[in-house]
Amino acid sequence: IADSSTSTGLRYGANFASGKNGILNSNFNIFQRGTTATSTTDGYQADRWYNLKSAINITVSQQASTLQNIPNCARFQRVAGQTGTGATALAQMFENAQSITYANQIITISFWARKGADYSTTSSLLGWRLITGTGTDTRNVFTQGYTSQATTGKGSVTLTTSWQRFSVNVTIPSTTTQMSFYFTTSFVGTAGAADYYEVTGVQLETGSVATAFQ
């Protein structure tokens, strides 16, 4: 806890609380399937994070982030020389019990991201989506869809080769029982050696302000 009472007469502390961050493996420390894999097949690599590859040859790997207090990140990379294009995603899907806790609330999603030197998307954009539904937690949002599926929040951020922290606000419908959040990008042209983006420190919390990553 930082104490500023000497100079201001006020006390404040960092916003840390059990269960504050709804994203699991939010700093990409856990890769039980191996810290790197290249394929055209959709599925999991980093624990709890699902990869949608649109049959493009993609490598998903754990990398060092160079960020203070967040040592690792995930790299989502199109293999050099590839010409495959189409929408791809790095997604986390929530269980019913977790989704319900955010119903009828404003949430803030924050994350750090940067691009490789050859990142090939239009205007260096990285998209994000927050999908909600009203069904059970037995469904994959990409392969089966959600009951009454809706894109509750979406947008994009502009990446540079340096880390930036981004934050966005979303109002969750009161009937929500299903939820997923994902990054999305559509590669173009022929991939260079560093056609990738990296993300880490992903946080989803109640309220309209991004607080310290936990």
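Structure first, text after, so check above.
Just so it is clear, the model here is predicted, and its values are computed rather than measured.

1. A closer look at the packing of aromatic side chains
Under the definition given, this model contains 13 aromatic pairs. Both rings, one in Trp112 and one in Phe213, keep their centres 6.4 Å apart while their planes meet at 90°; by these two values the pair is edge-to-face. In this pair, Trp112 sits in strand E7 (residues 106–115) while Phe213 sits in the segment after strand E12 (196–206), placing the two residues 101 residues apart along the sequence. For Phe213, a relative accessible area of 16% gives the class buried. Aromatic pair Tyr119 and Phe187: ring centres 6.3 Å apart, planes at 90°, arrangement edge-to-face. Separated by 68 residues along the polypeptide, Tyr119 in the loop between E7 and strand E8 (125–133) and Phe187 in strand E11 (residues 178–187) bring together distant segments of the chain. Residue Phe187 is classed as buried on the basis of its relative accessible area of 1%. Among the aromatic residues, those joined into a cluster by ring pairs are Phe28, Trp49, Phe111, Phe166, Phe181 and Phe183. Above the face of the Tyr196 ring, Arg75 is positioned so that its terminal group lies 3.9 Å from the ring centre.

2. Topic: the sheet that holds strand E1 (residues 36–39)
Picture the strands of a sheet paired through backbone hydrogen bonds; they go either parallel or antiparallel. The strand order E1-E4-E5-E12-E7-E10 describes an open sheet built from six strands, whose pairing is antiparallel. Edge positions in the sheet fall to E1 and strand E10 (164–171), since each of these pairs with one other strand and no more. When strand polarity is set aside, the average angle formed by the axes of neighbouring strands in this sheet is 35°. Bridge count for strand E4 (residues 58–67) against strand E5 (residues 70–78) is eight bridges, and the pairing is antiparallel. In the sheet register, Val60 faces E5, and the bridge partner there is Phe76.

3. Description of the sheet that holds strand E9 (residues 150–158)
A sheet is described by the order of its strands in space; here six strands give the open sequence E2-E3-E6-E11-E8-E9, paired in antiparallel fashion. Because the sheet does not close on itself, it has two edges, and the strands there are strand E2 (43–44) and E9. Pairing between E8 and E9: eight bridges, direction antiparallel. By the bridge assignment for E9, Thr132 is matched with Ala150.

4. Observations concerning the side chain of Asp47
Looking at where Asp47 falls in the secondary structure, it is placed in the loop between E2 and strand E3 (50–52). One polar contact links Asp47 to Gln32, side chain to side chain, over a distance of 2.4 Å. In terms of polar contacts, Asp47 uses its side chain to reach the side chain of Arg33, at 3.4 Å. The contacts of Asp47, once residues within four sequence positions are left out, are Asn25, Ile30, Phe31, Gln32 and Arg33.

5. Observations concerning the environment of Glu205
Within the secondary structure, Glu205 sits in strand E12. According to the relative accessible area criterion, Glu205 is buried, its value standing at 2%. Ignoring any residue separated from it by four or fewer positions in sequence, one finds Glu205 in contact with Lys20, Ile106, Ile107, Thr108, Ser110, Ala210 and Thr211. Engagement of the side chain of Glu205 in a polar contact is seen with the side chain of Gln203, the distance being 2.8 Å.

About the cut-offs
- Residues numbered from 1 in each chain as written.
- Predicted model: local features only at pLDDT ≥ 70, side-chain atom pairs only at ≥ 80, totals over all residues.
- Heavy atoms only, no water.
- Phe/Tyr/Trp six-rings, centres within 6.5 Å; stacked < 30°, edge-to-face > 60°.
- Helix = DSSP H or I, 4+ residues; strand = E, 2+ residues; numbered from the N terminus.
- Buried < 20%, exposed > 50% of the residue type's maximum accessible area, 1.4 Å probe, protein only.
- Lys NZ or Arg CZ within 6 Å of the ring centre and 35° of its normal.
- Pairing = 2+ DSSP bridges.
- Axes fitted to C-alpha atoms, helices over the stretch in contact; angles between N-to-C directions.
- Polar contact = N/O pair within 3.5 Å; in protein donor to acceptor, adjacent residues only side chain to side chain.
- Contact = heavy atoms within 4.5 Å.

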